[in-house]
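Here is how the chains run, residue by residue.
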Protein chains: 2
Amino acid sequence: MPTLPAARLEEVTRNIFTAHGLPSEDAAHVATLLLRANLRGHDSHGVIRIPQYVDALQKGYARPRPHIRVESETPTTARLDGDLGFGQVVGCRGTELAIAKARAHGISAVTFVRTNHLGRLADYAEMAAAAGLIGLLWANAPTALNVAPWGGAARRLGTNPHAVAIPGPDGTVALSLDFATSVIPEGKMRVRFNRGETVPPGIMLDGAGRPSTDPRQYYTTPPGSLLPAGQHKGYGLALAIEILGGILSGTGAARAEQGPVHNGTLVVCLDVERFLPLEDLHRQVADLFGWVRSAPLAEGATEILIPGEPEARTARERLATGIPVEDETWRQIQACAAAVGVPA
Amino acid sequence: MPTLPAARLEEVTRNIFTAHGLPSEDAAHVATLLLRANLRGHDSHGVIRIPQYVDALQKGYARPRPHIRVESETPTTARLDGDLGFGQVVGCRGTELAIAKARAHGISAVTFVRTNHLGRLADYAEMAAAAGLIGLLWANAPTALNVAPWGGAARRLGTNPHAVAIPGPDGTVALSLDFATSVIPEGKMRVRFNRGETVPPGIMLDGAGRPSTDPRQYYTTPPGSLLPAGQHKGYGLALAIEILGGILSGTGAARAEQGPVHNGTLVVCLDVERFLPLEDLHRQVADLFGWVRSAPLAEGATEILIPGEPEARTARERLATGIPVEDETWRQIQACAAAVGVPA
């Protein structure tokens, strides 16, 4: 498995998407966010997606130069139509709009429709936090269903993530939470499947609705399903996210129909300073983190972490030592590059 | 264990609080919400709280006639100071304000500080939903710590609930989700303790940070702690709620200091009609629920439910047959009533 410098991978990624017709700044932005996912240790949302995105471009599911437009708007709200643009491009445009509205009016809500895979919701929540706002996102994926409703035995919901980011001092991010409402995301199941490994109990059902630890029972007919995180709690939140992200945006909720994967998304930005000075928030957040970390460790635990901290740590390591890319993934990326005459 | 008609219990509750100096409409409102919790099967948030509330009034922790005031306000946001009023009274006042602001401006955020126990967050989220808005709430309780951070072995966080409600047709509520970010709320642990029962694995740690199923290890020295729901996911959300509910409201986040229990709360209301007509939302939500329910049942499951449905069902039953009240709880309520000359 090669370990590649982030800068080299980012350049290859940028060049591939530029060759497919994306404006250079959009290609650079997509490359930055894919590499950021790898740097932070979330390889399922990193360069492994390049072949999928290229395929979407070739099939016309994704457009390299979308005409992103505001479908409807009020001073605090907007519906954004991504015109099948890359999620990274539409997501940033929409989050910038939400940030501007929240700065002007205290709170805002913006939805995105007809938008390809967004990548990690954390990226957009962190944009808001870096701007001194609280960012909240919810996203569904109505044609990428993996999760059984609580009590059910078939895939009916997406892994519907929810993200929250809290501003830190000087444009930093104090807390960045981004979690699938299933016990694990589908990508981690696929990794176990590819490696011929089992998964711990409590993660999946087989196609007959029985508890299973065998990923082969997930990728078969009838297919298995992922269980919701926290049992009925993750199920309830996933169902709410079908409405918040899917229905409000015009993307629609989970359904039987097949089609290209779009993320229906809601972003809410909240201006902290309508409630208290940012400096007070920073001080209280630091005190809270100190209090939480003051707990003795549970049996088997090595430390108490703040959401976003493992990612920051991995990013420091991988910036220094490079990003490990599985052989098959690197082969596919090289093929994508060769097909458009990009050196890799 | 007596089974008492809801109307009788509500009258006794109302009379007790009127005798303690609450304005009659406030006493009626507190009684309605406590009984609503019992009707919906959440006895931990029902009339069992009467002695606790009376104690808070007697100690001056709760004020019968608070001067609730808006500390600061913009067209979309407000900080409400509950002046130690009953949570039910402050919560409704604050949610009404959030509803009015969201109707006028599309989205709103209102916090409550110096507010006694709110009861069920679902009640306030459902107020928004009944008004055709989406209601979202987050609440902490910085002096009622029960939950260990993920990896930790001592209580550092509240059970920090989160609620979401979605409007249904004709002033109904289509979905009402209200969950503690711990695996179970503390009240359910106490019920098991009182009955001498164990709890399933995965719910608690003992005072040394070891997994335990013995509630006696929870109520000892050093005390045990509740585990977060969905492991690190519930922990991350609970930590965010310390900030959203606690710090933004001025209540403060979880800390070592002891004191009367206040709920620091954030309510966000979102006007669906800035995004799509309510009728379209209702139709799509109905389709989503139909799709989710169309799944075959998992092994051991008897049905697939929508959040809020079990509560609605229990309410129908208990309105017809009465509310079972444990002997000790009923004895305490009768004592509260007798102390102020109220028949019970």
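Note that the coordinates shown come from a computational prediction; the quantities given were computed from them, not determined experimentally.

### Focus on the relation of the copies chain B and chain A
With an RMSD of 0.0 Å, the fit of chain B onto chain A corresponds to turning through 180 degrees and sliding 0.0 Å along the axis. Overall, the copies show the geometry of a two-fold rotation axis. Closest approach to the rotation axis within chain B is made by the C-alpha atom of Gly230(B), at a distance of 2.1 Å. The residues that chain B uses at the interface reappear at the interface of chain A in 100% of cases, marking a shared surface.

### A word on the interface of chain B and chain A
Counting residues at the interface gives 82 residues for chain B and 82 residues for chain A. On the chain B side of the contact with chain A, Lys233(B), Phe275(B) and Trp291(B) bury the most area, a combined 13% of that side's loss. On inspection of chain B and its partner chain A, the count reaches zero salt bridges. Summed over the shared surface of chain B and chain A, the number is 22 residue pairs in polar contact (both at pLDDT 80 or more). Elements with a contribution of two residues or more to the side of chain B that touches chain A: β3 (77–85), β4 (107–115), β5 (133–140), β6 (162–167), β7 (173–179), α7 (232–247), β11 (264–271) and α8 (278–293) of chain B. For the side of chain B that touches chain A, the leading source of residues is α7(B), giving ten residues. In terms of residue class, the side of chain B that touches chain A is made up of 54 nonpolar, 18 polar and ten charged.

### Topic: the packing of aromatic side chains
This model, assessed by the stated rule, comprises ten aromatic pairs over all chains. Aromatic pair Phe17(B) and Phe86(B): ring centres 5.3 Å apart, planes at 75 degrees, arrangement edge-to-face. One end of the pair, Phe17(B), is in helix α1 (residues 6–19); the other, Phe86(B), is in the loop between β3 and α4 (87–105), with 69 residues separating them in the sequence. Of the residues examined, Phe17(B) reaches a relative accessible area of 0% and is grouped as buried. One Lys or Arg, Arg155(A), reaches over the ring of Tyr218(A) and ends 4.1 Å from the middle of that ring. The ring of Trp291(A) has Arg156(B) sitting right over it, with the charged end atom 4.1 Å from the ring centre.

### Some remarks on the confidence of the model for chain A
With 100% of its residues at a pLDDT of at least 70, chain A reaches an overall mean of 97. Under the prediction, the complex receives an ipTM of 0.97, its pTM being 0.97.

### Some thoughts on the domain arrangement of chain A
All names here are of chain A. The assigned domain composition of chain A is domain 1 (1–65 + 327–344) and domain 2 (68–182 + 228–294). The C-alpha centroid of domain 2 is placed 24 Å from the C-alpha centroid of domain 1. The interface of domain 1 with domain 2 comprises 21 residues on the first partner and 17 residues on the second. Here domain 1 packs against domain 2, burying approximately 1,600 Å² in sum over the two surfaces, 60% of which is carbon and sulfur. When the buried area of domain 1 at its contact with domain 2 is split by residue, Tyr53, Tyr61 and Arg63 rank highest and sum to 34% of it. If you look at where domain 1 meets domain 2, you find three salt bridges. Residues arginine 63 and aspartate 83 are paired through a salt bridge, measuring 2.4 Å at the closest nitrogen-oxygen approach. Counting across the domain 1 and domain 2 interface gives seven residue pairs in polar contact (both at pLDDT 80 or more). Looking at the side of domain 1 that touches domain 2, the elements that each hand over two or more residues are α2 (24–39) and α3 (50–59). Among the elements that take part in the side of domain 1 that touches domain 2, α2 stands out by supplying seven residues, more than any other.

### Remarks on the environment of Ala208(A)
Looking at the secondary structure, you find Ala208(A) in the loop between β8 (204–205) and β9 (211–212). Distance from Ala208(A) to Ala180(A), taken between C-alpha atoms, is 24 Å for residues 28 residues apart in sequence.

### Considering the pairing of strand β2 (residues 69–73) of chain B
Residues and elements named next belong to chain B. Relative to β3, β2 runs antiparallel, the two being bridged by four bridges. Within β3, the residue paired with arginine 69 across the bridge is aspartate 81. Hairpin connection of β2 to β3: three residues between the antiparallel strands.

### A closer look at helix α5 (residues 121–130) of chain A
All names here are of chain A. With eight of its ten residues buried, α5 lies for the most part within the structure. Regarding α5, the residues found buried are Leu121, Ala122, Asp123, Tyr124, Ala125, Glu126, Ala128 and Ala129. Lining the buried residues of α5 we find α2, α4 (87–105), β5 (133–140), β6 (162–167), β7 (173–179) and β11 (264–271). Trailing α5 by a residue or two, glycine 132 shows a phi angle of about 85 degrees, which is positive.

### Some points on the sheet that holds strand β10 (residues 225–226) of chain A
With respect to topology, three strands assemble into an open sheet ordered β9-β8-β10 (chain A), the strand pairing being antiparallel. For this open sheet the edge positions go to β9 and β10 of chain A, each flanked by a neighbour on one side alone.

### Quick notes on unusual backbone geometry
Going from Thr221(A) to Pro222(A), the amide bond is cis rather than trans, its omega being -5 degrees. Phi angles above zero are rare outside glycine, and Leu84(B) is one such case at about 65 degrees.

### Some thoughts on the nonpolar core
Ranked by size, the top nonpolar core spans 98 residues in total, and within it Leu239(A), Leu248(A), Leu281(A), Leu239(B), Leu248(B) and Leu281(B) carry the most contacts. Once you skip the residues sitting within four places of it in the chain, Leu248(A) turns out to touch Arg79(A), Thr111(A), Ile243(A), Leu266(A), Ile134(B), Leu270(B), Val272(B), Phe275(B), Leu276(B) and Leu281(B).

Thresholds applied
Residues numbered from 1 in each chain as written. Chains lettered and ligands numbered in written order. Predicted model: local features only at pLDDT ≥ 70, side-chain atom pairs only at ≥ 80, totals over all residues. Heavy atoms only, no water. Least-squares fit on C-alpha atoms with pLDDT ≥ 70 in both. Contact = heavy atoms within 4.5 Å. Buried area = accessible area lost by both parts, 1.4 Å probe. Salt bridge = Lys/Arg side-chain N within 4 Å of Asp/Glu carboxyl O. Polar contact = N/O pair within 3.5 Å; in protein donor to acceptor, adjacent residues only side chain to side chain. Helix = DSSP H or I, 4+ residues; strand = E, 2+ residues; numbered from the N terminus. Nonpolar A, V, L, I, M, F, W, Y, C, P; charged D, E, K, R; others polar. Phe/Tyr/Trp six-rings, centres within 6.5 Å; stacked < 30°, edge-to-face > 60°. Buried < 20%, exposed > 50% of the residue type's maximum accessible area, 1.4 Å probe, protein only. Lys NZ or Arg CZ within 6 Å of the ring centre and 35° of its normal. pLDDT = per-residue confidence, 0-100. Domains from an automatic or database assignment. Pairing = 2+ DSSP bridges. Core = buried A, V, L, I, M, F, W, Y, C linked by side-chain atoms within 4.5 Å.

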